[in-house]
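Close look at the chain arrangement
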Amino acid sequence: MLCVPTSPPRTRTESGHFRRQTVREVAGIDQSRGLNRALWMLTERMAELKAG
């Protein structure tokens, strides 16, 4: 099971109260392929930035 955080663990609502956040399971192959592609793009871009 691959879980992806939907957002930070705790966020504040407009009224200032804290709201708990959860993670969700990647439900299908289309979702995991898109996620994998996005992670690769992010990794490649970070490597470019680090190289200068």
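With respect to the overall build of the chain
Along the backbone of the chain there are one helix and four strands. When the helices and strands of the chain are listed from N to C terminus, the series reads β-β-β-β-α. Sequence-distant contacts, at least 24 apart, represent 13% of the contacts inside the chain between residues at least 6 apart. Carbon and sulfur atoms make up 58% of the accessible area of the chain, which totals about 5,000 Å².

Quick notes on the confidence of the model for the chain
Of the residues in the chain, 79% have a pLDDT of 70 or more, and the chain-wide mean is 77. Here strand β1 (residues 3–5) stands out as the element of the chain with the lowest mean pLDDT, 57, in contrast to helix α1 (residues 29–51), whose mean of 87 is the highest.

Things to note about the environment of F18
Relative to the helices and strands, F18 is located in strand β3 (residues 18–20). Sequence-distant contacts of F18, defined by excluding residues within four places in its chain, comprise R10, T11 and R12.

With respect to the pattern of salt bridges
Summed over all chains, the structure comprises one salt bridge. With its nearest N and O atoms 3.2 Å apart, the salt bridge here joins R45 to E48. With R45 and E48 both in helix α1, this residue pair falls three residues apart, about one helical turn. On the basis of relative accessible area, R45 is assigned to the partly exposed category, the value being 45%.

Analysis parameters
- Residues numbered from 1 in each chain as written.
- Predicted model: local features only at pLDDT ≥ 70, side-chain atom pairs only at ≥ 80, totals over all residues.
- Heavy atoms only, no water.
- Helix = DSSP H or I, 4+ residues; strand = E, 2+ residues; numbered from the N terminus.
- Contact = heavy atoms within 4.5 Å.
- Areas by Shrake-Rupley, 256 points an atom, 1.4 Å probe, with all protein chains shown as cover.
- pLDDT = per-residue confidence, 0-100.
- Salt bridge = Lys/Arg side-chain N within 4 Å of Asp/Glu carboxyl O.
- Buried < 20%, exposed > 50% of the residue type's maximum accessible area, 1.4 Å probe, protein only.

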